[in-house]
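Here is how the chains run, residue by residue.
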Amino acid sequence: LPKSFVNITSRTYALGAIHDARKGNMAAPCVRVLLVARFTQRFQCRFTSGAIVDGGKLYEMSENHAMAYGVYFLNCPVPDDEIVGDTVEVRCSFIARVPVIYNISKLVEAERYIYELTICLPFLFGRRYSGATLVEVFLMFRISLFVYLLHPRCCFIFSQHMALHTIRKLSRLRLPVDFKKIWHHGQLVAITDCLYRGMGVSRFVAFHDLDEFLIPQVSRSSTLNALFEENVASIPPSYVQISAKQTDCVVRPEMIFEQGIHHTSRVIQDHYVSPLVSNDILRLYHYKVSDGSKTDDTILENYGKLLRQRFEDVVERIGLYRSP
């Protein structure tokens, strides 16, 4: 079923609340309520003990672009000795109970991670790719993968392949507003949810589209660990085929406060950095035709045999032919 929002007011909707215990430039600990709203107003949070806290001015995400609806955080400081429960009460002229969907540790780095790398795909919409094409692509990934769906035709196709453990999480978000009234089909909601979902679970989280592939140009096993030195929070890899201004990111999620559609908007500590990386080390290949496109043989040279074997495995698994 689609994941629904909680109505706070007639023009303010909450996807969920996040208990964020990290220290940083956005205060700590806080309960942050992820909102889609038309007008900003002040809210209060009521905790399990009965304590009521003023949430102050809403934090506006940097990529709302003056649309009718935008994405915001309501930040309510957690009182001393307060135990955050499964829900938090958001109060204004109405009272709404919002579920706490994620609990973020105060530690910047977890002792151990379930996954080394997670790919977050933003909303899939339109009819550019068939269901069969999407399934074939996902079968090639051997990493954690979150998918956020808009179009209902995709849901049945993907649900049949959840057992393959390629798609770790399938989220169908039912946005409470018209897609034309929020920037870029509301992708910022999915990106923010996926960022916080990955904290403490995945060492690295990558944000890019279905036709993009993040390919190391050096050692396959240690590139990201080597690049993410102390205080490095995110890396925008160089594009091969389109303008370098259009960059997606791979991040250490615990170090990020706000992630944009194509860049890291705000880190949680002021001394965290997002350095540019040479395309001789890490490249993001974007498979589409555009001005300035060029041919690059690096993938074939470095990964040809491995990719061929992976391709044959996938073709056999989806039943196009059986190996002799």
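Conventions and cut-offs
The residue count restarts for each chain, going from 1 along the sequence in the order it is written. Local features in this predicted model are restricted to residues whose pLDDT is 70 or higher, and side-chain atom pairs enter the listing and the counts only when it is 80 or higher, whereas totals over whole chains, interfaces and linings include all residues. Heavy atoms throughout the structure, all of them, feed into the side-chain values; hydrogens and water do not. UniProt positions are given in the numbering used here, feature names are shortened, and annotations may be inferred rather than shown by experiment. Each residue is placed in one exposure class: buried if its accessible area under a 1.4 Å probe, protein chains only, is under 20% of its type's maximum, exposed if it is over 50%, and partly exposed if it falls in between. Here a strand is any run of E in DSSP of at least two residues, a helix any run of H or I of at least four, and the numbering for each starts at the N terminus. Two strands are counted as paired when DSSP detects at least two bridges linking them. Only a pair of cysteine sulfur atoms within 2.5 Å qualifies as a disulfide here. In this count, Lys and Arg are taken as positive residues and Asp and Glu as negative ones, while His and the chain termini are left out. We define a salt bridge as a contact between a side-chain nitrogen of Lys or Arg and a carboxyl oxygen of Asp or Glu at a distance within 4 Å. Note on ring pairs: Phe, Tyr and Trp rings are taken, using the six-membered ring of Trp, and paired if centres are within 6.5 Å. Classes follow the plane angle, with under 30 degrees stacked, over 60 edge-to-face and the rest tilted.

If you look the protein chain up in an unreviewed UniProt entry, it shows as Glycosyltransferase family 92 protein from Heligmosomoides polygyrus. Taken from UniProt, the Sequence similarities (unreviewed entry) comment for the protein chain reads in full: "Belongs to the glycosyltransferase 92 family."

## Remarks on the pairing of strand β3 (residues 30-37)
Among the eight residues of β3, eight are classified as buried, and the element is accordingly described as predominantly covered. Residues C30, R32, L34 and V36 of β3 are buried on one face, and the alternating residues V31, V33, L35 and A37, pointing to the opposite face, are buried as well. Pairing between strand β2 (residues 12-20) and β3: eight bridges, direction antiparallel. Paired with A14 across the strands is L35, a residue of β3.

## Points about the state of the cysteines
Enumeration according to the criterion identifies two disulfides in this entry. Each disulfide pairs two cysteine sulfurs, and for C45 the partner residue is C76, the sulfurs being separated by 2.0 Å. Residues C45 and C76 are joined through a disulfide that is right-handed, its torsion about the S-S bond being 70°. Of the two residues, C45 sits in strand β4 (residues 44-46) while C76 sits in strand β7 (residues 70-77), which places them 31 residues apart along the sequence.

## Digging into the side chain of E258
Along the chain, E258 turns up in strand β18 (residues 256-259). Nearest to the buried, unbridged E258 among oppositely charged side chains is R266, at 6.4 Å.

## Brief notes about the packing of aromatic side chains
With the rule as written, the count across this model stands at four aromatic pairs. An angle of 85° between the planes, with centres 5.0 Å apart, marks the rings of Y59 and F257 as edge-to-face. In this pair, Y59 is assigned in strand β6 (residues 59-60) and F257 in strand β18, connecting sequence segments 198 residues apart. For the residue pair Y59 and F257, the accessibility class agrees, reading buried in each case. Aromatic pair F204 and F228: ring centres 5.1 Å apart, planes at 45°, arrangement tilted. Separated by 24 residues along the polypeptide, F204 in strand β13 (residues 202-207) and F228 in the loop between α4 (223-227) and β15 (234-235) bring together distant segments of the chain. The pair F204 / F228 is uniform in exposure class, with both members buried. Members of the aromatic cluster, joined through ring pairs, are Y59, F73, Y196 and F257.

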